[in-house]
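Here's the letter readout for the chains.
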Number of protein chains: 2
Amino acid sequence: MSECNNINNDKKTVRVNGREYRWPVQPTVVVCFDGCDPEYIDAASKAGLIPNIDSMRSSGFASKALACMPTFTNPNNVSIVCGVPPNVHGVSGNFYFDRETGKDVMMVDSTPVRAPTLLAAFSRAGAKVVAITAKDKLRKALGKDLDGIAFSAEKANEATQAENGISNVEALVGRHAPDQYSADLSLFVLDAGIKLLETHRPDISYLSLSDYVQHKHAPDDPAALEFMVAVDQRLGKMLALGARLGIVADHGMSDMADAEGNPRIVYLADRLSAAFGADKCRVICPITDPFVRHHGALGGFVRIHLLTPDIDIHEVLAFVRAIPGVALALPRDEVCLKFDVADDREGDIAVIATKGVALGAGKADHDLSQLSGTRLRSHGGLTEQVVPFITSIPVKANPTHRLRNFDIFCAVLNEAL
Amino acid sequence: MSECNNINNDKKTVRVNGREYRWPVQPTVVVCFDGCDPEYIDAASKAGLIPNIDSMRSSGFASKALACMPTFTNPNNVSIVCGVPPNVHGVSGNFYFDRETGKDVMMVDSTPVRAPTLLAAFSRAGAKVVAITAKDKLRKALGKDLDGIAFSAEKANEATQAENGISNVEALVGRHAPDQYSADLSLFVLDAGIKLLETHRPDISYLSLSDYVQHKHAPDDPAALEFMVAVDQRLGKMLALGARLGIVADHGMSDMADAEGNPRIVYLADRLSAAFGADKCRVICPITDPFVRHHGALGGFVRIHLLTPDIDIHEVLAFVRAIPGVALALPRDEVCLKFDVADDREGDIAVIATKGVALGAGKADHDLSQLSGTRLRSHGGLTEQVVPFITSIPVKANPTHRLRNFDIFCAVLNEAL
């Protein structure tokens, strides 16, 4: 684990998961800009549409950082609020296959999170802390042990003082909770954050958006640019309210369709069944959750579990590696070593696609009609590992430190990496 | 950069490149077992041929570790003696193409090494330090600023007190300097290390072998097993002489031939010339050095430099990514972020092969006749990144620390990671 240095010992600090964080000196807001590939920033900046982000980039700090593997929402959001990679906190995807029990385990609450979050640590040290997520699936994980406010835009109308530390969120924001498949789901998160900055003045806010827009629209699509404008305006409001800002993403986003617009998919479970027999292997697509309409549960990373002792892992590895569209197929010990993931939450083999290719289980497992005619855009692999890392304040960075997205709280609080 | 903790402050320590090392409490020997894929250890151990290594594994510490990218000899040897990855010390291969001057720069002396080595730091703090390499190409880099003994097996007969801190090496070892293409090149290094342990009693020895055997022989080949026996016997002698041992490798080794035994090669320069025109791109194979007979300058990692401003990097990236046998093609900023390599020593694009495939420049650039009928075995890519990491003493390891081959001195000196 990396350590933050240059701590000013005159100040109060909080130590979480081996890292030390300075007490916020002004309201500090970290935005997890879900699915914000650097190309979205580049396209909007070139079009002159994001003056607030541009201003942060020129007068604060801007770089690219590495997201955690697999490049999915849950492992990366949890990494950001814990300040450490998935092998420490254990969240490896939206769900995983428990080798001990043979059961699928959804990671939609705080149970699989086995490290403390810095949000909880700061709240228990007396800071006013707010966590707002787009989808409710993340709220319980990010709000684990949090003595503060934690709610989702998706279920804003259900927030209660007892469960969320706040009620009447719709009245606060001034509109109804948005549809879970909408650009407004993210904007509602930002608007709620702004309102709380005005009224509650939290020391630390964590605002986690949705990648609905990025799954549907390429960076230069008018709808994507319009969304960037809307986000940028809200970031400007937070800066005007005196907030210190950090922006990072959980993962990038890649087009996974061919010239005709058809999705480029390797159905790995079907291939394995044909080669080794049915029910020998289980293919887990850890992007799967109850909300798959915008990506059909297809991404650039899947796990293979070998279900019977008669199947030879070396044969399966060789077979999978020979499939066009597969970049890497790694046994469990190697994927753990390379990507800091948790051994007990991995399969026997991790498979990572080449750029522009999606990996699926069986053809029957994925409902492509839900894509409703748009090109498949998704994430999960190495290709979507590079994300923006932008703060409103200058940060003293060590040029040989490999910048990770989960360094963002260290950067905005400590002003040094 | 990772930091070593658990330093006993009662002891003298040496701090190099941000890491602190305890003064050796017994003669400490680190062996860089060139090209020792974990499969060589596994095969020899299963055959019961390496009792000393097996004993270290059971009573000391044994794990797998990650080598540095690209998985070549020079970047990894320099990383091991510096305790840090290539972005700190700058050595990116056996040679590189200088973008500023347009010239190829060989990395066979100490000029490209821009970080201090811990060998030099310990020697200047008063320790008796010895560095012995197989090939002389590495000796100058590893012996940089070293106030001690540094020579190569290859040029053992030329060692002088003035240049190497020792003379009459052949007399010391009791035989002539071996052929540079021989298993004995490595054994001579070990035998010289043993003789110096007996006579000179160095505090720290670094013994860097050659991968001649591994390039020619698969792990279960009799010649490979015989070599493992010879190495293991010499390690046993060192242990009997009271040495504390650490064993690590610079890279693994992969078979890159098809079922018929023909090498599987993507000639990238030829492909690029056909697609974009001659002289638009320069393909650099950083495995190339004056000693290529055993691998034909073919490995799993090459760099592409774009030579004219009219060539579009996005088109080249898309073209290269679509070639079967290519796992990843990454622009410079992404390869630096992902693999801790030095920006000014990278090309415009780094290309990494899939397992079992070699990347070359043009067909005319590689003399396959030198392979003399053996299957192509080589390294350079992600596939050869996992290496053994074994010490003769127990090491207190943090289970969430990503073990790197350049942690080996920290492990043997500090007994903790």
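Residues numbered from 1 in each chain as written. Chains lettered and ligands numbered in written order. Predicted model: local features only at pLDDT ≥ 70, side-chain atom pairs only at ≥ 80, totals over all residues. Heavy atoms only, no water.

A.B. asks: Explanation requested: the interface of chain B and chain A in the structure shown.
C.D. replies: Quoted interface sizes are often the accessible area lost when the parts come together. With 26 residues of chain B at the interface, the matching set in chain A holds 26 residues. Taking both partners together, chain B and chain A bury about 2400 Å²; carbon and sulfur atoms supply 55% of that area. The largest share of the area that chain B buries against chain A comes from Leu337, Lys338 and Arg402 of chain B, three residues that together contribute 28% of it. Viewed at the interface, chain A and chain B are joined by four salt bridges. Asp333 of chain A is the partner of Lys64 of chain B in a salt bridge, and the nearest nitrogen-oxygen pair spans 3.2 Å. Seen at the junction of chain B and chain A, the total is 10 residue pairs in polar contact (both at pLDDT 80 or more). Listing elements by their share of the side of chain B that touches chain A, those giving two or more residues are strand 4 (61-66), helix 4 (86-89), strand 15 (326-331) and helix 14 (332-339) of chain B. The dominant element in the side of chain B that touches chain A, judged by the number of residues it contributes, is helix 14 of chain B, at five residues. Partitioned by chemical class, the residues of the side of chain B that touches chain A number 12 nonpolar, six polar and eight charged. (Contact = heavy atoms within 4.5 Å. Buried area = accessible area lost by both parts, 1.4 Å probe. Salt bridge = Lys/Arg side-chain N within 4 Å of Asp/Glu carboxyl O. Polar contact = N/O pair within 3.5 Å; in protein donor to acceptor, adjacent residues only side chain to side chain. Helix = DSSP H or I, 4+ residues; strand = E, 2+ residues; numbered from the N terminus. Nonpolar A, V, L, I, M, F, W, Y, C, P; charged D, E, K, R; others polar.)

A.B. asks: Would you mind showing me how to read the packing of helix 1 (residues 38-46) of chain A against helix 2 (residues 51-59) of chain A here?
C.D. replies: For any two helices packed against each other, one specifies the inter-axial angle together with the distance between the axes. Residues and elements named next belong to chain A. Helix 2 packs onto helix 1 with a crossing angle of 105° between their chain directions and a minimal axis gap of 10 Å. Put simply, helix 1 runs roughly perpendicular to helix 2. For the pair formed by helix 1 and helix 2, the contact residues are Ile41, Asp42 and Ser45 on the first element and Ile53, Asp54 and Arg57 on the second. Grouping the amino acids of the contact of helix 1 with helix 2 by side-chain chemistry returns two nonpolar, one polar and three charged. (Axes fitted to C-alpha atoms, helices over the stretch in contact; angles between N-to-C directions. Parallel < 35°, antiparallel > 145°, perpendicular 65-115°, else oblique.)

A.B. asks: What am I meant to see in the domain arrangement of chain A here?
C.D. replies: Residue and element names in this part refer to chain A. Under the domain assignment used here, chain A contains domain 1 (13-253 + 381-414) and domain 2 (265-376). Here the C-alpha centre of domain 2 lies 27 Å away from the C-alpha centre of domain 1. At the junction of the two partners, domain 1 supplies 33 residues and domain 2 supplies 34 residues. Summed over the shared surface of domain 1 and domain 2, the result is one salt bridge. With a closest N to O distance of 2.7 Å, Arg114 and Asp344 form a salt bridge. At the level of elements, helix 4 (86-89), strand 5 (95-98), strand 6 (103-106) and helix 10 (212-216) are the ones that each hand at least two residues to the side of domain 1 that touches domain 2. (Domains from an automatic or database assignment.)

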